[in-house]
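An overview of the molecular structure
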Amino acid sequence: MYINDLNLSPLVVAEPGESYQAGAILNRWVEVLVDCPGTSTEVEKGPNLYLYRLPTGLEVKPGDILNVPFGAQHLTGVAIRLVAKLPADLPLEKIRDVEDVIQKNFFRDSYWTLMERVSQYYYTQIIQVIRTALPPGLLGRSQRRIRLTVAGAAVSTNTNINALLDTPLMRVVRQPYSSLIRFYLLNTIENDYLIKILALLNFQSLVTKVNNKDAHKILQLLQQQSDGDYSFRYLHNQVPRAYQGVRELLRRGLVESYLEPPQLTKPKFEKAVTLVASTFEPDLTTRQREILEVLRRRGGELWQSELLQICNASSSIVKTLVQKGYIVVEEREVLRTEQSPALAQDRPKTLNAAQANALETIQTLNGYAQVLLHGVTGSGKTEVYLQAIAPLLQVGKSALVLVPEIGLTPQLTDRFRARFGNKVSVYHSALSDGERYDTWRQMLTGESQVVIGTRSAIFAPLPNLGLIILDEEHDSSFKQDSPIPTYHARTVAQWRAELENCPLVLGSATPSLESWLSVKEEDAGTERRGDAGKEGHEDTENFSQTLSASPRPPLPASSYYLSLPQRINSRPLPPVEIVDMREELQHGNRSIFSRSLQEALQQLKERQQQGILFIHRRGHSTFVSCRSCGYVLECPYCDVSLAYHHTEEGAPELLRCHYCNYTRSHPKFCPDCSSPYLKFFGSGTQKVTQELARQFPQLRLIRFDSDTTRNKGAHRTLLTQFANGEADLLVGTQMLTKGLDLPQVTLVGVVAADGLLNLSDYRASERAFQTLTQVAGRAGRGDDPGRVIVQTYTSEHPVIEAVRSHDYQSFSQAELEQRQALNYPPYGRLILLRLSSLDPIQVQNTAQILATALSENEELEILGPAPAGILRVANRYRWQILIKFAADELPQLPDWEQVRSLCPQSVSLTIDVDPLNIM
Ligand SMILES: Nc1ncnc2c1ncn2[C@@H]1O[C@H](COP(=O)(O)OP(=O)(O)OP(=O)(O)O)[C@@H](O)[C@H]1O
Ligand SMILES: [Zn+2]
Ligand SMILES: [Zn+2]
């Protein structure tokens, strides 16, 4: 954070009145958003919004990050709006001064507007949106610190130049940064040197000029501390009016204030060794020369730890070389961005006609537009993304690529890294806080780059966005169910593309019905939404102007439909065989594997090919019950049965709740009737792998589910093992269905499709079709033809038929007709109110009261209140109300604050806009 400190707090603090802008400033007050709810004496303007005065000489603009006093604390906040005139009734003396500008222009206008749209559309306070967008813990928990400047240190040490060279500031200045920054810093030193000398000459008079008693106390405290550095809070505790004292010292240039990022997210420093001598003199021992040679061969610069490791040397030899003047050792910041193994450089492929056409269309787009790239599995969508991004990087722009799950990022990121090298960074919630923080700061530099990330990466603060891509755009993991805001990354991406005026590419083999309908309607020339043209870019001077405006879905962009109807090299899509498990039973096959699948598994080994087995559930079995009395083992906190988990021979047998993670040991006897005959029902990944091991001992297996991929890097390790041929069969859940591109996989088996089909959700069919098509699409991507076997007890289901015939069009046609008839999305819109409480009666009553109040609005269709699909989870009782309305005419929506006020304290309410899970 040091660099920023230098930029943020000027080394020389201007005397009041000296500022050339002083006269021009009319707006003397500013509304500041702080991340601190609750009561304080500050003048409140709205939720988390407080009014402050701008001290003379301090220039503040909306979007700056500020430091403000708040009660007895100091907080970080965002400047929202400048205010020229105050209402007459405001007690002026209650308004406190802004302390300082921490970072200028942090939220650019378009970024801020994005925050506001998310806040309005998802009925979430803006501070919650900001929390979602920033790396964890960046706002609010930052600590303001005060330290002596060079002049301050001179005053304190009252000694010579040498002492000055060891002040915190000088240490900062001596940090090795890029040559440009270094140049800047060196210049600063020169100036500073003058100040320093002046300070030395002058210090007595400087001190006498400080005529504030508290300031003197603070100076003393800082002098006694070896680094000359304290948190403001500490000073505040020690000195009654620390606030004024610090201001005085700041004004005199004796101290400077800086913001220390949260503990978790401090920059990481390591020692770097740089070769500074060009010739090696005879004063060197052979060993020393050896080390210098290594350094030279590696380009003259290495981390010290690396150098020592390569040379198998100790740090004392480095010290000697420093003393002899051959090398310098400096502390340097290491960015904790996710590392990947070195990759062979990859060249753009020659596109086939459909790819070339798609690329050309994308490249001719100028500004905001939406492209649906509908390409069957293995049609080369990723290659189109890569080639669309390449020219953008050439002109200094950046690209944002969103992917559904971390499970598939290693392979995808490798492909991007092989093409674009270290211009690629990864951003998702499985990174450590430090990694997230550093990756995020890397984005702020504005260098052209590619960011690949999951849902929340849609908020990546890339300044020069040239393209946004959502890969597998239909995937439901782009939607956040909780916590609030319950945003959908696709919706946010549409706003963002509009605000940044860049194209948005939605890629999928099985587009969501939302995206499909929007291109179909564009085709038919119909306008779906009536409010086009209402909005240009927001007024940028005034941040909060839209705070009260009504929320709106993204504007229709000019949209394009691009199709990649064939696989690369005209490879056929794999034939899909449907096996009716009822018939298997009739033929006396009681195994969980049909005869077809057994035969195919048998052949795998013989043909030296690989297969993927998809199971809907992790764990062993869905439930355990007693054969004697029928008792089912259930979670004591949720209304669900416990799943049996048994990882391997000798491991403890456990029962686990998949909702709240409650875990207990597997009982030997029925808790109800003490019978020893407990039976497992349903099959999860564990049971299937056990069964496989029994029936096909020759097959080597890898289990890939959330149990086996919990550790960091596990996804990559398991997938690499499989890709290297260390196993014959990959057995896993949902997370292996997407994006895997392994040419040697010829067989895909779906153990039981029924778990996907029989969900009581209006989206169940769509989701089942998408999942099964994606899984099937993993087979036959190489030279050997693929084969897919889907086992089911309901072979007549229309989804099964559509998957068999690879027929997206007629499936979505039929599905859309049903949705339209019932006014479900994408025709109608939904808002789901989720209520929960520890008190079963109160939550039910509240739900009833809310539903009654809401039904007064005739434009809304109210469904419910109804208990949630699983009434009790983690001891909380859950009820819900579904609100349905027409998408094209936004009705007068309820006043959510009023709705909230109907909820007693013990009942919590979440408003889920455009919910995907309504079970
Ligand atoms: N023009 C091309 N010539 C040769 N090979 C190509 C070409 N385009 C893509 N490929 C290769 O074809 C394979 C499939 O491409 P890719 O993974 O991009 O498909 P996809 O459409 O993204 O698939 P899915 O949606 O199923 O994940 C990859 O191995 C890719 O390197
Ligand atoms: Zn029993
Ligand atoms: Zn539970």
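Bear in mind the structure is a predicted one, so any value in this text is a computation, not a measurement.

**A few points about the overall build of the protein chain**
- Of the regular secondary structure elements, the protein chain holds 29 helices and 35 strands.
- Counting every position in the protein chain, which comprises 919 residues, the buried fraction comes to 41%.
- Put simply, of all contacts in the protein chain between residues at least 6 apart along the chain, 76% involve residues at least 24 apart.

**Describing the nonpolar core**
- Among the nonpolar cores identified, the biggest contains 105 residues, and Val-32, Leu-400 and Leu-402 are the most heavily contacted of them.
- Among the elements that line this core, the one with the most residues is helix α18 (residues 489-500), at six residues.
- Here Val-32 is in contact with Tyr-50, Tyr-52, Leu-66, Val-68, Gly-77, Val-78, Ala-79 and Ile-80, once residues within four sequence places are set aside.
- Counting 45 residues, the second largest nonpolar core, distinct from the first, contains Val-579, Leu-597, Leu-740 and Ile-789.

**Regarding the UniProt feature "binding site: Zn(2+) 1" (unreviewed entry) in the protein chain**
- Using the residue numbers shown here, the UniProt feature "binding site: Zn(2+) 1" (unreviewed entry) corresponds to Cys-626, Cys-629, Cys-670 and Cys-673. In terms of the greatest pairwise C-alpha distance, the residues named above, spread along 48 residues, form a tight cluster of at most 8.6 Å across.
- Owing to 21 C-beta atoms within 10 Å, Cys-626 belongs among the buried residues under this scheme.
- Discounting chain neighbours no more than four positions away, the residues touching Cys-626 are Tyr-631, Cys-670, Asp-672, Cys-673, Ser-675, Tyr-677 and Leu-678.
- Position of Cys-629 among the secondary structure elements: in the loop between β23 (623-626) and β24 (643-645).
- Once residues within four sequence positions are removed from consideration, Cys-629 is found in contact with Cys-670, Asp-672, Cys-673 and Ser-675.

**Let's talk about the site of ligand 1**
- Every one of the 18 residues lining ligand 1 counts as a neighbour, but Thr-377, Gly-380, Lys-381, Thr-382 and Glu-383 are closest to it.
- Among the elements that make up the shell around ligand 1, the one with the highest residue count is helix α15 (residues 381-394) (three residues).
- Considered class by class, the residues forming the shell around ligand 1 number three nonpolar, eleven polar and four charged.

**Focus on the sheet that holds strand β22 (residues 610-614)**
- Across the sheet, six strands lie side by side as β21-β31-β30-β22-β29-β28; this open sheet has parallel pairing. Of all strands in the sheet, those bounded by a partner on one side alone are β21 (576-580) and β28 (701-704). Sheet twist, expressed as the mean angle between neighbouring strand axes with direction ignored, is 20°.
- Sheet topology note: the β22/strand β29 (residues 729-732) ladder contains four bridges and is parallel. Of the residues in β29, the one forming a bridge with Ile-612 is Leu-730.
- Across the sheet, helix α25 (residues 764-776) is in contact with β21, β22, β30 (745-750) and β31 (787-792); its angle to β30 comes to roughly 150°.

**Some details on the sheet that holds strand β20 (residues 559-564)**
- A sheet is described by the order of its strands in space; here seven strands give the open sequence β16-β17-β15-β18-β19-β14-β20, paired in parallel fashion. At either margin of the open sheet sits one strand with a lone partner, and together these are β16 (424-427) and β20. Going across the sheet, the axis of each strand differs from the next one's by a mean of 20°, ignoring polarity.
- Of the strand pairs in this sheet, strand β14 (residues 369-375) and β20 are connected by six bridges, and their pairing is parallel. Paired with Val-371 across the bridge in β20 is Tyr-560.
- Its contacts with the sheet put helix α14 (residues 353-364) on β14, β19 (503-508) and β20, and the angle it makes with β20 is roughly 160°.
- Each of β14, β15 (398-402), β18 (465-471) and β19 is contacted by α18, which is oriented at about 165° to β18, the strand it contacts most.

**Things to note about the packing of helix α11 (residues 286-297) against helix α13 (residues 315-323)**
- Where α11 contacts α13, the two axes come as close as 11 Å, and the packing angle between them is 85°. Between α11 and α13, the angle is such that the two are roughly perpendicular. Across the interface between the two elements, Arg-287, Gln-288, Ile-291 and Leu-292 from α11 touch Ile-317, Thr-320 and Leu-321 from α13.
- Classifying every residue of the contact of α11 with α13 gives four nonpolar, two polar and one charged.

**With respect to the pairing of strand β3 (residues 49-53)**
- Of all five residues making up β3, four are buried, and the element is well covered by its neighbours.
- Two strands pair when backbone bridges link them, and strand β1 (residues 29-34) and β3 are joined in this way by five bridges, in the antiparallel orientation. Residue pairing in the sheet places Trp-29 in a bridge with Arg-53 of β3.
- Sheet topology places β3 next to strand β6 (residues 96-97); two bridges connect them, and they run parallel. What sits directly across from Tyr-52, in β6, is Arg-96.

**Here's the deal with the packing of helix α2 (residues 109-121) against helix α3 (residues 126-133)**
- Look at α2 against α3: their axes get within 9 Å of each other, and the N-to-C directions meet at 120°. Relative to α3, the element α2 lies oblique. Here the hand of the crossing between α2 and α3 comes out right-handed. Together, Met-115, Glu-116, Val-118 and Ser-119 of α2 and Ile-126, Val-129, Ile-130 and Ala-133 of α3 make up the contact between the two elements.
- Looking at the contact of α2 with α3 residue by residue, the class counts come to six nonpolar, one polar and one charged.

**What to know about α2**
- With 13 residues, α2 should cover 18 Å at 1.5 Å per step; its first-to-last C-alpha distance of 18 Å lies within 8% of that length.
- Along α2, the residues classified as buried are Trp-112, Thr-113, Leu-114, Met-115, Glu-116, Arg-117, Val-118, Ser-119 and Tyr-121.
- Buried residues in α2 make contact with α3, α18 and β35 (908-913).
- Phi turns positive, to about 50°, at Tyr-123, one or two residues after α2.

**Regarding the environment of Thr-439**
- Mapped onto the secondary structure, Thr-439 falls in helix α17 (residues 433-444).
- Placed 61 residues apart in sequence, Thr-439 and Glu-500 show a C-alpha to C-alpha distance of 21 Å.

**Quick notes on unusual backbone geometry**
- A cis amide bond links Ser-482 to the next residue, Pro-483, at an omega of 0°.
- Structurally, Pro-483 is set in the loop between β18 and α18.
- The residue after Pro-825, namely Pro-826, is reached through a cis peptide bond having omega 10°.
- With respect to the secondary-structure elements, Pro-826 resides in the loop between α27 (808-822) and β32 (828-837).
- For Asn-501, which is not glycine, the phi dihedral falls at a positive 55°.
- Relative to the helices and strands, Asn-501 resides in the loop between α18 and β19.
- Asn-501 sits in the partly exposed class, given 14 other C-beta atoms within 10 Å.
- A positive phi angle is found at Asn-823, which is not glycine, with a value near 60°.
- Judged by local crowding, Asn-823 falls into the partly exposed class, with 15 C-beta atoms found within 10 Å.

**With respect to the confidence of the model for the protein chain**
- The share of residues in the protein chain with pLDDT of 70 or more is 78%, and the mean pLDDT across the chain is 78.
- When pLDDT is averaged over each helix and strand of the protein chain, the minimum, 30, is found for helix α1 (residues 2-8) and the maximum, 96, for β15.
- Scored below 50 in pLDDT, residues 1-25 makes 32 contacts in the model with residues more than four places away or belonging to other chains.
- Ignoring residues within four places in sequence, the model shows residues 526-550, a span with pLDDT below 50, making 31 contacts including any to other chains.

**Here's the deal with the environment of Asp-109**
- Position of Asp-109 among the secondary structure elements: in helix α2.
- When the 18 C-beta atoms within 10 Å are taken as the criterion, Asp-109 is described as partly exposed.
- The spacing of Asp-109 and Gln-721 is 612 residues in sequence and 46 Å in space, taken between C-alpha atoms.

**Focus on the environment of Glu-859**
- The topology assignment puts Glu-859 in the loop between α28 (840-854) and β33 (861-873).
- Residue classification places Glu-859 among the exposed positions, given that 11 C-beta atoms sit within 10 Å.
- The spatial distance from the C-alpha of Glu-859 to the C-alpha of Leu-444 is 45 Å, given a sequence separation of 415 residues.

Calculation notes
- Residues numbered from 1 in each chain as written.
- Chains lettered and ligands numbered in written order.
- Predicted model: local features only at pLDDT ≥ 70, side-chain atom pairs only at ≥ 80, totals over all residues.
- Helix = DSSP H or I, 4+ residues; strand = E, 2+ residues; numbered from the N terminus.
- Buried ≥ 20, exposed ≤ 12 C-beta atoms within 10 Å, placed from the backbone.
- Contact = placed C-beta atoms within 7 Å.
- Core = buried A, V, L, I, M, F, W, Y, C linked by C-beta atoms within 7 Å.
- UniProt positions renumbered as here; feature names shortened; annotations may be inferred.
- Near = placed C-beta within 6 Å.
- Nonpolar A, V, L, I, M, F, W, Y, C, P; charged D, E, K, R; others polar.
- Pairing = 2+ DSSP bridges.
- Axes fitted to C-alpha atoms, helices over the stretch in contact; angles between N-to-C directions.
- Parallel < 35°, antiparallel > 145°, perpendicular 65-115°, else oblique.
- Left-handed = near helix turned anticlockwise from the far one by under 90°.
- Expected span 1.5 Å × (residues − 1).
- pLDDT = per-residue confidence, 0-100.

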